[in-house]
Amino acid sequence: MDKQLLALLVCPICQGKLIYKKEQNELICKADGLAFPVRDNIPVMLESEARTLTADERLEK
C-alpha cells in the first residue's frame, strides 16, 4: 500500500489514525475497534465492510 496514501487516510467514523497491517491487508482503527479491508490495493472505508477487532487485537500495539 502506498505510504503517501496511508498518511492521508483516517477512520471514516472518528477521523482517527489508522494502522496498516500488511499481513491481514487491513487498516486498523484502535479507537473504534474496527478493521477496514484493503482489496486490490484499494482501502474499503465503509463501516458496513469493516470487521470488529477481537479483544486480543485491541490490546496489540
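Residues numbered from 1 in each chain as written. Predicted model: local features only at pLDDT ≥ 70, side-chain atom pairs only at ≥ 80, totals over all residues. Heavy atoms only, no water.

A. Spatial organisation of the side chain of Glu57. Note on placement: Glu57 falls in helix 2 (residues 55-59). One polar contact links Glu57 to Arg51, side chain to side chain, over a distance of 2.7 Å. When sequence neighbours within four positions are dropped, the list of residues in contact with Glu57 reads Lys30, Arg51 and Thr52. (Helix = DSSP H or I, 4+ residues; strand = E, 2+ residues; numbered from the N terminus. Polar contact = N/O pair within 3.5 Å; in protein donor to acceptor, adjacent residues only side chain to side chain. Contact = heavy atoms within 4.5 Å.)

B. How the structure looks around the pairing of strand 3 (residues 34-39). Judged by how many residues are buried, strand 3 sits mostly within the fold: 5 of 6 residues are covered. Across 4 bridges, strand 2 (residues 26-29) lies against strand 3 in antiparallel orientation. Pairing of Cys29 across the sheet is with Leu34, part of strand 3. Taken together, the 2 bridges between strand 3 and strand 5 (residues 51-52) define a ladder with antiparallel strand orientation. Within strand 5, the residue paired with Ala35 across the bridge is Arg51. Note: strand 3 against strand 4 (residues 42-43), 2 bridges, orientation antiparallel. Residue Arg39 lies in a different strand from strand 4, and its bridge partner there is Ile42. (Buried < 20%, exposed > 50% of the residue type's maximum accessible area, 1.4 Å probe, protein only. Pairing = 2+ DSSP bridges.)

C. Quick look at the pattern of salt bridges. Tallied over the full model, the rule gives 3 salt bridges. Of the charged contacts, one joins Glu49 and Arg39 as a salt bridge, the two residues approaching to 3.0 Å between their closest N and O atoms. One end of the pair, Glu49, is in the loop between strand 4 and strand 5; the other, Arg39, is in strand 3, and 10 residues separate them in sequence. Salt bridges sharing common partners tie together Glu26, Arg51 and Glu57. (Salt bridge = Lys/Arg side-chain N within 4 Å of Asp/Glu carboxyl O.)

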